[in-house]
Amino acid sequence: MAAQMLPARHHDLISIVIPTLNEASNLPQVLATIPAVASLEVIVVDGGSSDGTQAIATAWGARTVASLPGRAHQMNQGAALAKGSVLLFLHADTRLPHGFEPIIHQTLAQPEVVAGAFELAIDSSRRALRWVEWGVNLRSRHFCMPYGDQAIFIKADVFRRLGGFPDLPMMEDFELVRQLCKLGKIAIAPAQVLTSDRRWRSLGILRTTLVNQIVIAAYLLGVDPHTLARWYCHLGKP
(Lines give C-alpha, C1' and ligand atoms only; values in the text may rest on other atoms or scores of the structure.)
Protein backbone atom coordinates (compact mmCIF):
# COMPACT_ATOMS: atom_id res chain seq x y z
CA MET A 1 0.00 0.00 0.00
CA ALA A 2 1.04 3.61 -0.25
CA ALA A 3 2.49 5.04 2.92
CA GLN A 4 -0.17 6.55 5.16
CA MET A 5 0.05 9.28 7.75
CA LEU A 6 -0.45 7.69 11.15
CA PRO A 7 -1.88 9.56 14.15
CA ALA A 8 0.29 10.87 16.97
CA ARG A 9 1.75 8.04 19.03
CA HIS A 10 1.22 7.37 22.72
CA HIS A 11 4.62 6.22 23.92
CA ASP A 12 3.61 3.26 26.10
CA LEU A 13 0.42 2.30 24.25
CA ILE A 14 0.23 -1.01 22.39
CA SER A 15 -2.33 -1.07 19.59
CA ILE A 16 -3.63 -4.56 18.87
CA VAL A 17 -4.98 -4.92 15.33
CA ILE A 18 -7.16 -7.98 14.66
CA PRO A 19 -8.36 -8.66 11.09
CA THR A 20 -11.55 -10.73 11.04
CA LEU A 21 -13.90 -12.47 8.65
CA ASN A 22 -16.57 -14.71 10.21
CA GLU A 23 -14.61 -15.38 13.39
CA ALA A 24 -17.48 -15.48 15.89
CA SER A 25 -16.43 -18.91 17.13
CA ASN A 26 -12.84 -17.85 17.84
CA LEU A 27 -12.88 -14.16 18.67
CA PRO A 28 -14.32 -14.37 22.23
CA GLN A 29 -11.46 -16.64 23.36
CA VAL A 30 -8.91 -14.34 21.73
CA LEU A 31 -10.35 -11.18 23.31
CA ALA A 32 -10.46 -12.92 26.69
CA THR A 33 -6.63 -12.96 26.71
CA ILE A 34 -6.48 -9.15 26.40
CA PRO A 35 -6.90 -7.18 29.65
CA ALA A 36 -9.05 -4.05 29.53
CA VAL A 37 -6.36 -1.56 30.54
CA ALA A 38 -5.54 1.95 29.37
CA SER A 39 -2.14 0.88 28.01
CA LEU A 40 -3.79 -1.29 25.35
CA GLU A 41 -6.16 -0.46 22.52
CA VAL A 42 -7.88 -3.10 20.41
CA ILE A 43 -8.93 -2.44 16.84
CA VAL A 44 -10.96 -5.16 15.10
CA VAL A 45 -11.02 -4.63 11.34
CA ASP A 46 -13.80 -6.74 9.89
CA GLY A 47 -13.88 -7.77 6.25
CA GLY A 48 -17.63 -8.28 5.96
CA SER A 49 -18.61 -10.97 8.48
CA SER A 50 -22.11 -12.39 8.46
CA ASP A 51 -21.89 -14.36 11.73
CA GLY A 52 -21.96 -11.63 14.36
CA THR A 53 -18.21 -11.10 14.61
CA GLN A 54 -18.56 -7.31 14.62
CA ALA A 55 -21.18 -7.41 17.39
CA ILE A 56 -18.91 -9.56 19.54
CA ALA A 57 -16.00 -7.15 19.09
CA THR A 58 -18.14 -4.10 19.84
CA ALA A 59 -19.72 -5.68 22.92
CA TRP A 60 -16.27 -6.48 24.29
CA GLY A 61 -15.23 -2.85 23.87
CA ALA A 62 -12.97 -3.02 20.85
CA ARG A 63 -12.96 -0.31 18.24
CA THR A 64 -14.65 -2.05 15.33
CA VAL A 65 -14.03 -0.95 11.77
CA ALA A 66 -15.65 -2.21 8.57
CA SER A 67 -13.28 -2.95 5.72
CA LEU A 68 -12.94 -4.60 2.38
CA PRO A 69 -11.79 -8.21 2.83
CA GLY A 70 -8.11 -9.04 2.58
CA ARG A 71 -5.84 -9.47 5.58
CA ALA A 72 -3.13 -7.07 4.37
CA HIS A 73 -5.66 -4.35 3.59
CA GLN A 74 -7.44 -4.87 6.91
CA MET A 75 -4.27 -4.74 8.98
CA ASN A 76 -3.06 -1.62 7.19
CA GLN A 77 -6.41 0.05 7.79
CA GLY A 78 -6.25 -0.79 11.49
CA ALA A 79 -2.66 0.45 11.75
CA ALA A 80 -3.63 3.76 10.15
CA LEU A 81 -6.14 4.31 12.98
CA ALA A 82 -3.90 3.08 15.80
CA LYS A 83 -2.53 5.48 18.40
CA GLY A 84 0.13 3.27 19.97
CA SER A 85 3.87 3.42 19.56
CA VAL A 86 3.78 -0.37 19.15
CA LEU A 87 1.55 -2.29 16.76
CA LEU A 88 0.62 -5.90 17.49
CA PHE A 89 -0.98 -7.79 14.61
CA LEU A 90 -3.06 -10.63 16.00
CA HIS A 91 -4.87 -13.31 14.04
CA ALA A 92 -8.43 -13.91 15.17
CA ASP A 93 -7.72 -17.54 16.09
CA THR A 94 -4.56 -16.86 18.13
CA ARG A 95 -4.54 -16.27 21.88
CA LEU A 96 -1.93 -14.12 23.60
CA PRO A 97 0.09 -15.31 26.61
CA HIS A 98 -0.48 -13.99 30.11
CA GLY A 99 1.60 -10.89 30.76
CA PHE A 100 2.30 -10.22 27.10
CA GLU A 101 2.43 -6.43 27.49
CA PRO A 102 5.72 -6.11 29.46
CA ILE A 103 7.18 -8.95 27.39
CA ILE A 104 6.60 -6.94 24.21
CA HIS A 105 8.17 -3.77 25.64
CA GLN A 106 11.18 -5.70 26.98
CA THR A 107 11.67 -7.46 23.66
CA LEU A 108 11.58 -4.26 21.62
CA ALA A 109 13.97 -2.56 24.07
CA GLN A 110 16.79 -4.90 23.07
CA PRO A 111 19.58 -3.33 20.97
CA GLU A 112 18.90 -3.13 17.22
CA VAL A 113 15.50 -4.84 17.56
CA VAL A 114 12.81 -3.31 15.31
CA ALA A 115 10.13 -5.99 15.67
CA GLY A 116 9.32 -9.22 17.38
CA ALA A 117 6.98 -12.18 17.58
CA PHE A 118 6.10 -14.97 19.99
CA GLU A 119 6.93 -18.63 19.97
CA LEU A 120 4.15 -20.77 18.53
CA ALA A 121 2.01 -23.34 20.31
CA ILE A 122 -0.83 -25.14 18.51
CA ASP A 123 -4.08 -25.86 20.29
CA SER A 124 -4.14 -29.61 19.81
CA SER A 125 -3.07 -32.76 21.64
CA ARG A 126 -1.82 -34.41 18.43
CA ARG A 127 1.79 -35.41 18.93
CA ALA A 128 2.77 -34.69 15.32
CA LEU A 129 1.95 -31.02 15.82
CA ARG A 130 4.66 -30.82 18.48
CA TRP A 131 7.12 -31.37 15.61
CA VAL A 132 5.45 -28.57 13.66
CA GLU A 133 5.84 -26.27 16.65
CA TRP A 134 9.48 -27.28 17.01
CA GLY A 135 10.17 -26.51 13.35
CA VAL A 136 8.40 -23.16 13.46
CA ASN A 137 10.21 -22.07 16.60
CA LEU A 138 13.56 -23.26 15.28
CA ARG A 139 13.06 -21.30 12.06
CA SER A 140 11.94 -18.21 13.97
CA ARG A 141 14.84 -18.12 16.40
CA HIS A 142 17.70 -19.08 14.09
CA PHE A 143 16.55 -17.55 10.80
CA CYS A 144 14.50 -14.59 12.15
CA MET A 145 11.47 -15.58 10.07
CA PRO A 146 8.31 -15.58 12.20
CA TYR A 147 4.94 -15.68 10.44
CA GLY A 148 1.68 -13.90 11.15
CA ASP A 149 0.21 -16.57 13.41
CA GLN A 150 3.02 -15.80 15.88
CA ALA A 151 1.53 -12.34 16.59
CA ILE A 152 4.10 -10.05 15.01
CA PHE A 153 4.67 -6.80 16.91
CA ILE A 154 6.55 -3.84 15.52
CA LYS A 155 7.49 -0.30 16.39
CA ALA A 156 4.93 1.96 14.73
CA ASP A 157 7.53 4.27 13.25
CA VAL A 158 9.25 1.32 11.61
CA PHE A 159 5.95 0.08 10.21
CA ARG A 160 5.28 3.54 8.81
CA ARG A 161 8.76 3.69 7.28
CA LEU A 162 8.09 0.45 5.40
CA GLY A 163 4.70 1.65 4.17
CA GLY A 164 2.79 -1.12 5.95
CA PHE A 165 2.01 -4.60 4.74
CA PRO A 166 2.42 -5.08 0.99
CA ASP A 167 -0.95 -5.17 -0.76
CA LEU A 168 -0.89 -8.91 -1.52
CA PRO A 169 -3.67 -11.52 -1.34
CA MET A 170 -1.32 -13.72 0.74
CA MET A 171 2.33 -13.84 1.87
CA GLU A 172 1.96 -10.32 3.26
CA ASP A 173 3.48 -11.31 6.61
CA PHE A 174 6.33 -13.20 4.92
CA GLU A 175 7.21 -10.18 2.78
CA LEU A 176 6.94 -7.73 5.68
CA VAL A 177 9.35 -9.83 7.72
CA ARG A 178 11.80 -9.93 4.80
CA GLN A 179 11.74 -6.15 4.67
CA LEU A 180 12.11 -5.83 8.45
CA CYS A 181 15.25 -7.98 8.37
CA LYS A 182 16.90 -5.27 6.29
CA LEU A 183 16.27 -2.67 8.99
CA GLY A 184 17.25 -4.51 12.14
CA LYS A 185 16.69 -7.58 14.28
CA ILE A 186 13.44 -9.48 14.75
CA ALA A 187 13.43 -10.91 18.26
CA ILE A 188 11.41 -13.89 19.45
CA ALA A 189 9.78 -13.21 22.79
CA PRO A 190 10.15 -15.81 25.57
CA ALA A 191 6.45 -16.72 25.62
CA GLN A 192 4.03 -18.64 23.43
CA VAL A 193 0.87 -17.69 21.62
CA LEU A 194 -1.71 -20.44 21.24
CA THR A 195 -3.15 -20.76 17.76
CA SER A 196 -5.99 -22.89 16.43
CA ASP A 197 -5.17 -26.17 14.72
CA ARG A 198 -7.88 -25.64 12.08
CA ARG A 199 -5.42 -25.41 9.17
CA TRP A 200 -3.91 -28.76 10.03
CA ARG A 201 -7.32 -30.32 10.65
CA SER A 202 -8.48 -29.18 7.22
CA LEU A 203 -5.83 -30.85 5.08
CA GLY A 204 -3.87 -33.00 7.46
CA ILE A 205 -0.52 -32.25 9.04
CA LEU A 206 1.79 -33.60 6.34
CA ARG A 207 -0.13 -32.14 3.43
CA THR A 208 -0.48 -28.73 5.10
CA THR A 209 3.25 -28.62 5.83
CA LEU A 210 4.15 -29.59 2.27
CA VAL A 211 1.72 -27.08 0.75
CA ASN A 212 3.14 -24.31 2.94
CA GLN A 213 6.70 -25.06 1.86
CA ILE A 214 5.76 -25.31 -1.81
CA VAL A 215 3.95 -21.97 -1.67
CA ILE A 216 6.93 -20.27 -0.01
CA ALA A 217 9.32 -21.72 -2.59
CA ALA A 218 7.01 -20.65 -5.43
CA TYR A 219 6.77 -17.13 -4.02
CA LEU A 220 10.55 -16.85 -3.77
CA LEU A 221 10.81 -18.06 -7.37
CA GLY A 222 8.54 -15.24 -8.48
CA VAL A 223 5.13 -16.89 -8.83
CA ASP A 224 2.43 -14.22 -8.66
CA PRO A 225 0.77 -14.10 -5.20
CA HIS A 226 -2.67 -14.00 -6.84
CA THR A 227 -1.86 -17.35 -8.45
CA LEU A 228 -0.70 -18.68 -5.09
CA ALA A 229 -3.95 -17.51 -3.48
CA ARG A 230 -5.94 -19.43 -6.10
CA TRP A 231 -3.91 -22.54 -5.30
CA TYR A 232 -4.76 -22.15 -1.63
CA CYS A 233 -8.47 -21.78 -2.38
CA HIS A 234 -8.37 -24.81 -4.66
CA LEU A 235 -6.75 -26.88 -1.94
CA GLY A 236 -9.47 -25.87 0.53
CA LYS A 237 -7.29 -23.87 2.87
CA PRO A 238 -9.27 -22.10 5.64
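As the structure is a computational prediction, the values presented were derived from the model and not from experiment.

Enquirer: Whenever I open this one, the packing of aromatic side chains confuses me. Can you help?
Expert: Inspection of the entire model under this criterion finds seven aromatic pairs. Connected via pairs of aromatic rings, a cluster forms that spans Phe89, Phe159 and Phe165. The side chain of Arg139 reaches across the aromatic face of Tyr147, ending 3.6 Å from its centre.

Enquirer: Can you walk me through the pattern of salt bridges in this structure?
Expert: Pairing is possible between side chains of opposite charge, provided their charged atoms come close. With the rule as written, the count across this model stands at eight salt bridges. Linking Arg141 and Glu119 is a salt bridge whose minimum nitrogen-to-oxygen distance equals 2.8 Å. A residue pair is termed long-range when its members are at least 10 positions apart, and Arg141 in helix H5 (residues 128-143) and Glu119 in strand S6 (residues 113-123) qualify at 22 residues. Within the structure, one salt-bridge network assembled from shared partners comprises Glu23, Asp93 and Arg198.

Enquirer: Just checking my understanding: could you explain the environment of Gln150 for this structure?
Expert: Inspection of the secondary structure assignment puts Gln150 in the loop between H5 and strand S7 (153-155). Here Gln150 falls in the buried class, since its relative accessible area comes to 0%. Between the C-alpha atoms of Gln150 and Leu87, which are 63 residues apart in sequence, the distance is 14 Å. Aside from chain neighbours lying at most four places away, what touches Gln150 is Ala117, Phe118, Glu119, Leu120, Val136, Asn137, Arg139, Ser140 and Val193. Here the side chain of Gln150 touches Phe118 through a polar contact of 2.9 Å, landing on its backbone oxygen.

Enquirer: Would you take a moment to explain the nonpolar core for this structure?
Expert: Considering soluble globular proteins, one finds that nonpolar side chains tend to be buried as a cluster. In this structure, Leu87, Phe89, Ile154, Met171 and Leu180 are the most contacted members of the largest nonpolar core, which totals 38 residues. Ranked by the residues each element gives to this core, the list is headed by helix H9 (residues 205-220), at five residues. Look past the residues within four positions of Phe89 in its chain and what remains in contact with it is Val17, Met75, Ala79, Gly148, Ala151, Ile152, Ile154, Phe159 and Phe165. Listed in part, the 36 residues of the second largest apolar core include Val30, Ala62, Leu108 and Val132.

Enquirer: Would you mind showing me how to read the pairing of strand S2 (residues 40-46) here?
Expert: Every regular strand shows the same layout, with side chains that alternate between the two sheet faces. For S2, the buried fraction is high: seven of the seven residues fall into the buried class. Of the two faces of S2, the one lined by Leu40, Val42, Val44 and Asp46 and the one lined by Glu41, Ile43 and Val45 are each fully buried. The handedness of the S2 to strand S3 (residues 63-66) crossover, carried by helix H2 (residues 53-60), is right-handed.

Rules used in this analysis
- Residues numbered from 1 in each chain as written.
- Predicted model: local features only at pLDDT ≥ 70, side-chain atom pairs only at ≥ 80, totals over all residues.
- Heavy atoms only, no water.
- Phe/Tyr/Trp six-rings, centres within 6.5 Å; stacked < 30°, edge-to-face > 60°.
- Lys NZ or Arg CZ within 6 Å of the ring centre and 35° of its normal.
- Salt bridge = Lys/Arg side-chain N within 4 Å of Asp/Glu carboxyl O.
- Helix = DSSP H or I, 4+ residues; strand = E, 2+ residues; numbered from the N terminus.
- Buried < 20%, exposed > 50% of the residue type's maximum accessible area, 1.4 Å probe, protein only.
- Contact = heavy atoms within 4.5 Å.
- Polar contact = N/O pair within 3.5 Å; in protein donor to acceptor, adjacent residues only side chain to side chain.
- Core = buried A, V, L, I, M, F, W, Y, C linked by side-chain atoms within 4.5 Å.
- Right-handed = clockwise from strand over helix to strand, strands pointing away.

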